[in-house]
Amino acid sequence: MQLVSTPVRYRTMHDFFGYPEELYGIEYPARGDIARALQVRAPLQAAGIACETDDARGLDHGAWSVLKLMYPQADIPVVAMSVQPRLVPEEQYRIGHALAPLREQGVLILGSGGTVHNLQRLEWSDRGVLGWALGFDEWLAEQLETWNTEALFHYEAQAPQAREAVPTPEHLAPPLIAMGTAHRGKKARPLHREYQLGTLSLSCWMMG
């Protein structure tokens, strides 16, 4: 079931461990938007996707770490949606497709996650991106640019080093959902590409 957040004001979640103490002091007091959250829930339910609102959960680091760079004053309303990692890629894309009408209403849809995200394989010397991580990310980029959903839906079998690059699927779900929102135009354009600690991908894509 998808959960759509409806708090009046989000508490900042520091849902990570082992990082510098300064990170735990960061606050991002984003305000919610109940009316918009209901507009998010409606098309999901209309598409037969189970969805409920949630006014208790805070804003996790996958959301506020991006928003704080884009909107440092926390002066825009935010609606957060959960990610269900047990869904297959095609189902993630379908969720995005259901949300596509929100784009026409001027809603900015962000899907945050590292397309290569294996914390067990980080290279702390950070001497450049490793070949297996780059190989997977380049394969992914080609499928995004050609909108090859057939390959993306079966990335575990078709992509090189998929098991290493995506040991758990929750970080790959957001870009698939974002793709679904742009199903009508079927265009993807890279905006930024960077790697940290040898394997961690910080690519940024515009869909549509």
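Before reading on, note that the structure itself is shown above.
These lines cover the structure that appears in this document, whether it is placed above or below. The residue numbers shown here count from 1 along each chain, following its written sequence. Only residues with pLDDT of at least 70 get local features here, since the model is predicted, and only at 80 or more are side-chain atom pairs given and counted; chain-wide, interface and lining totals rely on the full set of residues. To obtain the side-chain values, all non-hydrogen atoms of the structure were used and water was disregarded.

Some remarks on the packing of aromatic side chains
Working definition: a ring pair exists when centres of Phe, Tyr or Trp rings (six-membered ring for Trp) sit within 6.5 Å. Plane angles under 30 degrees give stacked, over 60 give edge-to-face, the rest tilted. Applying the stated criterion across every chain, the model contains five aromatic pairs. Measuring from ring centre to ring centre gives 5.0 Å for Phe16 and Tyr24, while their planes differ by 50°; the resulting arrangement is tilted. Buried means the residue's accessible area, taken with a 1.4 Å probe over protein chains only, is under 20% of the maximum for its type, while exposed means over 50%, and partly exposed covers the values in between. Phe16 sits in the buried class, given a relative accessible area of 16%. Every member of this aromatic cluster is reached through a ring pair, and the members are Phe16, Tyr19, Tyr24 and Trp64.

Considerations on the pattern of salt bridges
Within this document, salt bridges are pairs made up of a side-chain nitrogen of Lys or Arg and a carboxyl oxygen of Asp or Glu, the two lying within 4 Å of each other. Here the structure, examined in full by the defined rule, presents three salt bridges. Its salt-bridge partner being Asp60, residue Arg57 comes within 3.2 Å of it at the nearest N-O pair. For Asp60, a relative accessible area of 22% puts it in the partly exposed group. A salt bridge links Glu164 to Arg121; the shortest N-O distance between them is 1.9 Å. Of the two residues, Glu164 is situated in helix α8 (residues 162–165) and Arg121 in the loop between α4 (101–104) and α5 (131–145); the sequence distance between them amounts to 43 residues. The partly exposed category is assigned to Arg121, whose relative accessible area is 31%. Numbered from the N terminus, helices here are DSSP runs of H or I no shorter than four residues, and strands are runs of E no shorter than two.

Remarks on the packing of helix α3 (residues 89–99) against helix α9 (residues 173–181)
Each axis is a line fitted through C-alpha atoms, and for a helix only the stretch in contact is used; angles between axes span 0 to 180 degrees, taken between their N-to-C directions. As a packed pair, α3 and α9 sit with axes 6 Å apart at the nearest point and diverge in direction by 45°. As summarised for this structure, α3 and α9 are arranged oblique, according to the angle between their axes. Considering how the two elements wind past one another, α3 and α9 form a crossing that is right-handed. Note on element contacts: α9 touches α3 through Ala173, Leu176, Ile177, Met179, Gly180 and Thr181, opposite Pro89, Gln92, Tyr93, Ile95, Gly96, His97 and Leu99. Taken together, the residues of the contact of α3 with α9 break down into eight nonpolar, five polar and no charged. Oblique is the label for every angle not falling under 35 degrees (roughly parallel), over 145 degrees (roughly antiparallel), or within 65 to 115 degrees (roughly perpendicular). Two helices cross in a left-handed way if the nearer one is turned anticlockwise from the farther one by less than a right angle. They cross in a right-handed way if the turn is clockwise. Any pair of residues with heavy atoms lying within 4.5 Å of one another is described as a contacting pair. Polar here means any residue outside two lists: the nonpolar Ala, Val, Leu, Ile, Met, Phe, Trp, Tyr, Cys and Pro, and the charged Asp, Glu, Lys and Arg; Gly therefore counts as polar.

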